[in-house]
Amino acid sequence: RWRWRIGGCNGNAKARERADEDGWRMTLLCAMKFLCIVTLILSSVARGTSIAPRHVQHVVGAISPPGMGARSDEFGPRRALGSTDIDGRGVQHTVSVCGPFLFLEDALLPRGKMPPLGKHPHAGLCTVTILLRGDSVKHWDNIRDTEETAKSGGILCMYSAGGIVHAEEALHEEGDDSSFTHILYLWFDPGIHRSLPVFPRSETFRSQQLPQLTEGDMRIRLLMGSYMGRTSPVSTYEADIQVLDCYLPPGEEEHVVLIPSHMDAVVVFIPRFGGSGFFGGSRTLVSELETGVVSTRGPFLPVRCASASSLHFLLLAGKSFSPEERTFFLTGHSGAVLATSEEKARTAMKDFERNPVKFGNLFDVEAPNYVREVEELSLPEISSLSSISDPAEFPDPGQRLNVTYDDSG
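How each quantity is defined
- Residues numbered from 1 in each chain as written.
- Predicted model: local features only at pLDDT ≥ 70, side-chain atom pairs only at ≥ 80, totals over all residues.
- Heavy atoms only, no water.
- Helix = DSSP H or I, 4+ residues; strand = E, 2+ residues; numbered from the N terminus.
- Buried < 20%, exposed > 50% of the residue type's maximum accessible area, 1.4 Å probe, protein only.
- Areas by Shrake-Rupley, 256 points an atom, 1.4 Å probe, with all protein chains shown as cover.
- Pairing = 2+ DSSP bridges.
- Axes fitted to C-alpha atoms, helices over the stretch in contact; angles between N-to-C directions.
- Contact = heavy atoms within 4.5 Å.
- Phe/Tyr/Trp six-rings, centres within 6.5 Å; stacked < 30°, edge-to-face > 60°.
- Lys NZ or Arg CZ within 6 Å of the ring centre and 35° of its normal.
- Disulfide = S-S within 2.5 Å.

Here's the deal with the overall build of the protein
Here's step 1: Secondary structure summary: the protein contains three helices and 25 strands in total.
Here's step 2: Taken over 409 residues, the protein has a buried fraction of 49%.
Here's step 3: As displayed, the protein has an accessible area near 19600 Å², and 51% of this comes from carbon and sulfur atoms.

Quick look at the sheet that holds strand β7 (residues 147-150)
Here's step 1: The sheet built from six strands is open, its strands ordered β7-β6-β9-β4-β25-β24 with mixed pairing. Each of the sheet's edge strands pairs with one partner strand only, and the pair in question is β7 and β24 (328-332). The sheet shows a mean angle of 30 degrees between the axes of neighbouring strands, direction not considered.
Here's step 2: Taken strand by strand, helix α2 (residues 342-354) contacts β4 (120-123), β9 (164-171), β24 and β25 (335-339), and its axis lies near 25 degrees from that of β24.

Some points on the packing of aromatic side chains
Here's step 1: If you walk through the whole model with that rule in mind, you get six aromatic pairs.
Here's step 2: Note on Tyr159 and Tyr237: the rings are 4.6 Å apart at their centroids and 25 degrees apart in plane angle, and the pair reads as stacked. Here Tyr159 is found in strand β8 (residues 155-159), whereas its partner Tyr237 is found in the loop between β15 (230-231) and β16 (241-248), with 78 residues between them in sequence.
Here's step 3: Taking 5.6 Å as the distance between ring centres and 80 degrees as the angle between the ring planes, the aromatic pair formed by Phe352 and Phe359 counts as edge-to-face.
Here's step 4: On the accessibility criterion, Phe352 (2% relative accessible area) is buried.
Here's step 5: For Phe359, a relative accessible area of 3% puts it in the buried group.
Here's step 6: Put simply, the rings of Phe103, Trp187 and Phe329 touch in pairs and so form one group of aromatic residues.
Here's step 7: The positively charged end of Lys119 is found above the aromatic ring belonging to Trp140, 4.2 Å away from the centroid.
Here's step 8: The cationic tip of Arg219 hangs over the ring face of Tyr247; the distance from NZ or CZ to the ring centre is 5.0 Å.

As for unusual backbone geometry
Here's step 1: Positive phi outside glycine occurs at Phe273, with the angle close to 65 degrees.
Here's step 2: Checked against the element boundaries, Phe273 lands in the loop between β18 (265-270) and β19 (276-279).
Here's step 3: For Phe273, a relative accessible area of 9% translates into the label buried.
Here's step 4: With a phi close to 55 degrees, Arg283 is a non-glycine residue in the positive phi region.
Here's step 5: Judged by relative accessible area, which is 38%, Arg283 ranks as partly exposed.

What to know about the sheet that holds strand β17 (residues 255-258)
Here's step 1: Ordered by their spatial adjacency, four strands build an open sheet running β17-β22-β19-β20, and the pairing between neighbours is antiparallel. Because the sheet does not close on itself, it has two edges, and the strands there are β17 and β20 (284-287). On average, each strand axis in the sheet is tilted by 35 degrees relative to the strand beside it, whichever way the strands run.

So, the state of the cysteines
Here's step 1: What the rule picks out here adds up to zero disulfides.
Here's step 2: Cys126 takes part in no disulfide bond, and the closest cysteine sulfur to it belongs to Cys157, at a distance of 5.0 Å.

Shown next as structure tokens:
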């Protein structure tokens, strides 16, 4: 009995210590947030910009490809941002670009399936595959000619530089028993008019490697950029961007997401099963599979959950490049090219069509002269490449999912 009491006392003491640590941690976080708000306000005043909250200017629904259903619980892609290329090909969307952000798509897939893109080309842009749940993704490219795996909950980021051919394959692994795979695809301009690494590269990050913050009841995963003194390990190159993955429980409490005042291109997107919320000073309602275009000025964005279930939203914020840094976007063969001129975009696509196996400037004759960047790379042997064509019709799920998004665990 005495030992039990002593053990209980020790246990209570440890519990008090943990509570004190949590209290100090929360106090420190609140102090950091307060300092960030003060800094943003002072910088806004110094620049003569507004210190009022940002608001949502208009809301646009995600677009389904022709011939596909529009329901959120049906398999397939839903375009949230990004429109047609210089030849008018692609899905017409009201929000064609948002500063450095070129493309955002929400994809719901059966387990073991990926979009039927095969091995396809990219050049100029950065592609980011955000794995919300379901299968892991096995990535292959013609530069390293090796495979690497991005785990469910993690991120795969690929910088395509002068050209790369890559493919993604679903890989079922233990640990996620979801009946579906949920992925967000994001493309952005890394700053192709500026000084960038010469050759392509890819990075994979597990969920545990991405900074996570808690502000009251709101949980934030910092996918890219910096927030509240923390910085994501995912490279953004010359793009000044911030990507937050946020979860907010139901309730009347209003929260605030800080946005650097100089970032003039901001959207919020609620993915499938993400619920709905009120955003901005005007309390504009944004619902599942809708994109809210946010005003260009202000140091913060108010947000409150508007649904009975939790709110899950993605916030993309970035600083637009100058008008002189105009880019040209061209799609083809299930891939895309971003270039500083129309001629360069078309030339890159023709180079791929001429030799898809050795597409990319790593295979140029001059490449070995760039010792610094090729020292960790080796020219791969020629791989067998399946026939490359434009994507086939996306598979029909055959039945409704009728699932809800549960971010617990």
